[in-house]
Structure formats: structure tokens, C-alpha cells
Amino acid sequence: MASTRDELKEMIRARAYRYSPDAPFTLASGKKSPYYFNCKAVSLTGRGLNLLGEVLFSEMKHFPNAKAVGGLTLGADPLAMALAAYGSAHGRALDAFVIRKEAKGHGTKKWIEGELPAASPVLVLDDVCTTGASTVTAIERAAAEGHQVQGALVLIDRQEENGIENIRAALRKINSPGEARAVFKVEEFR
């Protein structure tokens, strides 16, 4: 019987991973690549959310002090919801949060949605890491809002453009006690 991690990997391979050497994809960084991951094709399905919750929760042992999980909208949103729901149902109360790309233009004008107490210990999530820019933005915003960033967890590390190292540098810059980790590396899908 396949493990939950293996089932998630196969679901990503079947639904989210695309390879096209003759017609490369343009990434958010502007770079061209023969392969692309659209994780929303997995993270916005019921089974995908269940698998993500369990697999991401298995990584939480590396972030023992985190009380809330989230990141930059939209890539991190379903991951945060899946992890918070799974964790809370399995003995570790976790809250989710969403970091906006721009401050809310009305009402509270918040950058971060979710009821986080001041100085909350948070874990930053992202679905795919290439340059690490969106994860770094989330780390910086969470720290600027006064939260204690415990580390960063990405679903897939594309293993290029120093993405994970850029995230590690951002964590060091804010004196985070945590690390940057990836559940999967691109080499597992090629």
C-alpha cells in the first residue's frame, strides 16, 4: 500500500506537473522552463487537501513552536487551511493566516488575515519555490507585523535560482530560529 506522501506525489505528478521542452512555460520570475507545477490542481480538491494536511503535518516536528501557518496568497492558502485543519484534528491546535499581496484598501487595512495574537510564532508556507521570492515576501511581512517566524516549509523545491537558500537568508536576516524545508524536490518528478 502506498504511503500518504507517495499518493500525494503521484497526484501532483498526474494533475499538477507539466513537461513541455518544445514550448517552455514562463514562470513568475520571467524565466522559461520546460516544466511547470500548478499545485492548485491538487490543493483545491478534497482528496488533495486531505493528503496535504497529513503530509505537511508530518513536517511540523521540525517546527515545534509554530502556532499558526500561512503565507502569501494564493499559493499558500489551501496548504495553510489543510494543515491547520489536520493538525487541529490530530492533537496540535494550529491556526491559519493569509498574507495579502497588498494591504486591504478599506476597513482595517490589514496585511494579514486571521486572528493572530501579537508576536505569534508562525510557520510560513508556499506551494512552489523557484527563486523563493514569494516566500521571502511572506517572511518579511509576517516579521514586519511583529510575528515570530519559526521557519518556512514549501511543498515543491524546483532546485534552481537559489530559492531555498534565498529563503534561508531571509530567515537569518530576521533572526528566525527555524529552517527552510521542502516536502518534495523537482528531481522526484522528472
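Quick note: structure is the one above.
The rules behind the values
Residues numbered from 1 in each chain as written. Predicted model: local features only at pLDDT ≥ 70, side-chain atom pairs only at ≥ 80, totals over all residues. Heavy atoms only, no water. Axes fitted to C-alpha atoms, helices over the stretch in contact; angles between N-to-C directions. Helix = DSSP H or I, 4+ residues; strand = E, 2+ residues; numbered from the N terminus. Parallel < 35°, antiparallel > 145°, perpendicular 65-115°, else oblique. Contact = heavy atoms within 4.5 Å. Nonpolar A, V, L, I, M, F, W, Y, C, P; charged D, E, K, R; others polar. Left-handed = near helix turned anticlockwise from the far one by under 90°. Polar contact = N/O pair within 3.5 Å; in protein donor to acceptor, adjacent residues only side chain to side chain. Pairing = 2+ DSSP bridges. Right-handed = clockwise from strand over helix to strand, strands pointing away. Salt bridge = Lys/Arg side-chain N within 4 Å of Asp/Glu carboxyl O. Buried < 20%, exposed > 50% of the residue type's maximum accessible area, 1.4 Å probe, protein only. Expected span 1.5 Å × (residues − 1).

K.L.:
Can you walk me through the packing of helix H5 (residues 133-144) against helix H6 (residues 163-173) in this structure?
P.N.:
The geometry of a pair of packed helices is captured by two quantities: the angle between their axes and the separation between those axes. Interhelical geometry of H5 versus H6 gives an angle of 10° and a closest axis separation of 9 Å. Put simply, H5 runs roughly parallel to H6. Within the contact between the two elements, H5 uses Thr-135, Val-136 and Ile-139 and H6 uses Asn-166, Ile-167, Ala-170 and Leu-171. Here the residues of the contact of H5 with H6 sort into 5 nonpolar, 2 polar and no charged.

K.L.:
Got a minute to help me understand the packing of helix H1 (residues 4-15) against helix H3 (residues 46-58) in this structure?
P.N.:
For the pair H1 and H3, interaxial distance at closest approach is 9 Å and the crossing angle is 135°. If you check the angle between H1 and H3, you find them oblique. Two packed elements cross with a definite hand, and for H1 against H3 that hand is left-handed. Where H1 abuts H3, its residues Thr-4, Arg-5, Glu-7, Leu-8 and Met-11 lie against Arg-47, Gly-48, Leu-51, Leu-52, Glu-54 and Val-55. A per-class count over the contact of H1 with H3 returns 5 nonpolar, 2 polar and 4 charged.

K.L.:
Explain the environment of Asp-126 to me, please; I cannot follow it from the model alone.
P.N.:
Among the structural elements, Asp-126 can be located in strand S8 (residues 121-129). Sequence spacing of Asp-126 and Pro-78 is 48 residues, and the spatial spacing of their C-alpha atoms is 9.7 Å. Beyond its immediate stretch of four places on either side in the chain, Asp-126 contacts Gly-75, Ala-76, Leu-79, Ser-134, Thr-135, Leu-153, Val-154 and Leu-155. A distance of 2.5 Å separates a polar atom in the side chain of Asp-126 from a polar atom in the side chain of Ser-134. Polar side-chain contacts of Asp-126 include one of 2.8 Å to the side chain of Thr-135.

K.L.:
Would you take a moment to explain the pairing of strand S6 (residues 95-99) for this structure?
P.N.:
Side chains on a regular strand alternate between the two faces of the sheet. In this sheet, S6 lies alongside strand S5 (residues 68-72) in parallel orientation, the contact comprising 5 bridges. Paired with Val-69 across the strands is Ala-96, a residue of S6. Following the chain from S5 across helix H4 (residues 77-89) to the adjacent parallel S6, one finds a crossover that is right-handed. Pairing of S6 with strand S7 (residues 112-113) involves 2 bridges; the strand directions are antiparallel. The partner of Val-98 across the bridge, within S7, is Glu-113.

K.L.:
I'm lost on the pattern of salt bridges in this one. Help?
P.N.:
Where charged atoms from two side chains of opposite charge approach closely, those side chains can pair. For the coordinates displayed, the defined rule picks out 14 salt bridges. Linking Glu-188 and Lys-9 is a salt bridge whose minimum nitrogen-to-oxygen distance equals 4.0 Å. With Glu-188 in the segment after strand S10 (180-185) and Lys-9 in helix H1, this residue pair connects regions lying 179 residues apart in the sequence. Of the charged contacts in the structure, one is a salt bridge between Arg-141 and Glu-145, with a shortest N-O distance of 3.5 Å. Given the relative accessible area of 22%, Arg-141 is considered partly exposed. On the basis of relative accessible area, Glu-145 is assigned to the partly exposed category, the value being 37%. Salt bridges here are not isolated pairs; linked through shared partners, they connect Lys-31, Arg-158, Glu-160 and Glu-161.

K.L.:
Whenever I open this one, H4 confuses me. Can you help?
P.N.:
Because the α-helix completes a turn every 3.6 residues, residues three or four places apart line up on one side. Over its 13 residues, H4 extends 18 Å from the first C-alpha to the last, a length consistent with the 18 Å expected when each residue adds 1.5 Å. Restricting attention to buried positions, one finds in H4 the residues Asp-77, Pro-78, Leu-79, Ala-80, Ala-82, Leu-83, Ala-84, Tyr-86 and Gly-87. Following H4 by one or two positions, Gly-91 adopts a phi angle in the positive range, close to 90°.

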